[in-house]
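Understanding the architecture of this molecule
Each chain, letter by letter, is given below.
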Amino acid sequence: MESTHLQSLGTDLLDQARASRAGRSATALHPGRHHHLRQTVIALAADHRLDEHEAPAEATLQVLTGSVRLTAGEESWEGSTGDLLVIPDHRHDLLALEDAVVLLTTLVDPT
């Protein structure tokens, strides 16, 4: 069994994000084609974003620390520590309202 301490990983990634010009850092957990779920821990320094991008077929975003705003078209949702957001199945972006670490879970097409 594999185990990852998300709080420690998030702290490390947030340190990297703060030092990065892009203001973000991420790592995939359990990558590989034999997994149907992919988890990625993403750290964003305050006021940095993941620009608008396509959505996977199914995805959720759990806010581990901080707060974020997910925007898709004219709609937006805010999440803070402990919140779980369902990502809409169309283009969206993510803004860190304050330093934030999130766990992105996506469904991977096994083909």
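Residues numbered from 1 in each chain as written. Predicted model: local features only at pLDDT ≥ 70, side-chain atom pairs only at ≥ 80, totals over all residues. Heavy atoms only, no water.

Along its length, the protein chain carries 1 helix and 9 strands. Going from N to C terminus, the protein chain has its helices and strands arranged as α-β-β-β-β-β-β-β-β-β. For the protein chain, the C-alpha radius of gyration of 13 Å lies close to 13 Å, the compact-globule estimate for 111 residues. Each principal axis of the C-alpha distribution contributes one length, and for the protein chain these read about 35 × 35 × 25 Å. A sequence separation of at least 24 residues applies to 65% of the contacts in the protein chain between residues at least 6 apart. Accessible surface, the protein chain as shown: approximately 6,800 Å² in total, 48% of it carbon and sulfur. Each charge sign in the protein chain was given a centre, from 8 positive and 17 negative side chains, and these centres are 7 Å apart. (Helix = DSSP H or I, 4+ residues; strand = E, 2+ residues; numbered from the N terminus. Rg over C-alpha atoms; globule rule 2.2 N^0.38 Å. Contact = heavy atoms within 4.5 Å. Areas by Shrake-Rupley, 256 points an atom, 1.4 Å probe, with all protein chains shown as cover. Lys, Arg positive; Asp, Glu negative; His and termini not counted. Charge placed at Lys NZ, Arg CZ, Asp CG, Glu CD.)

Moving on: the sheet that holds strand β2 (residues 37–44). A sheet is described by the order of its strands in space; here 5 strands give the open sequence β1-β2-β9-β4-β7, paired in antiparallel fashion. For this open sheet the edge positions go to β1 (24–29) and β7 (84–86), each flanked by a neighbour on one side alone. On average, adjacent strands in this sheet sit at an angle of 20° to one another, irrespective of strand direction. Two elements, β1 and β2, share 6 bridges in a ladder whose sense is antiparallel. Its bridge partner lying in β2, serine 25 is registered against alanine 43. Sheet strands touched by helix α1 (residues 6–19): β1, β2, β4 (59–65) and β9 (100–107). Its angle to β1, the strand with the most contacts, is close to 145°. (Pairing = 2+ DSSP bridges. Axes fitted to C-alpha atoms, helices over the stretch in contact; angles between N-to-C directions.)

The biggest cluster of nonpolar side chains holds 15 residues, and the ones touching the most others in it are Leu61, Val68, Leu94 and Val102. Those elements that provide at least two residues to this core are β2, β4, β5 (67–72), β8 (92–96) and β9. When sequence neighbours within four positions are dropped, the list of residues in contact with leucine 94 reads Leu44, His48, Arg49, Leu50, Leu61, Val68, Arg69, Leu70 and Val102. Counting 9 residues, the second-largest nonpolar core is a separate cluster that includes Leu9, Leu13, Leu29 and Ala43. (Core = buried A, V, L, I, M, F, W, Y, C linked by side-chain atoms within 4.5 Å. Buried < 20%, exposed > 50% of the residue type's maximum accessible area, 1.4 Å probe, protein only.)

This part is about the pairing of β2. Taken across its 8 residues, β2 has 6 buried, putting it largely inside the fold. Pairing geometry for β2 and β9, over 8 bridges, is antiparallel. Of the residues in β9, the one forming a bridge with isoleucine 42 is valine 102.

Per-residue confidence for the protein chain averages 90 on the pLDDT scale, and 92% of its residues sit at or above 70. Within the protein chain, strand β3 (residues 49–53) has the poorest average pLDDT of any element, 86, and β5 the best, 96. (pLDDT = per-residue confidence, 0-100.)

Attention now moves to the environment of serine 3. Position of serine 3 relative to the elements: it lies in the segment before α1. Spatially, the C-alpha atom of serine 3 lies 21 Å from that of leucine 84, the residues being 81 residues apart in sequence.

A separate point is the pattern of salt bridges. One pass over the structure, following the stated rule, counts 6 salt bridges. With a closest N to O distance of 2.9 Å, arginine 49 and aspartate 93 form a salt bridge. In this pair, arginine 49 is assigned in strand β3 and aspartate 93 in strand β8, connecting sequence segments 44 residues apart. Taking the shortest distance from any N to any O, the salt bridge between glutamate 78 and arginine 69 comes out at 2.9 Å. Several salt bridges share partner residues, and in doing so they unite Asp15, Arg18 and Asp99 into one network. (Salt bridge = Lys/Arg side-chain N within 4 Å of Asp/Glu carboxyl O.)

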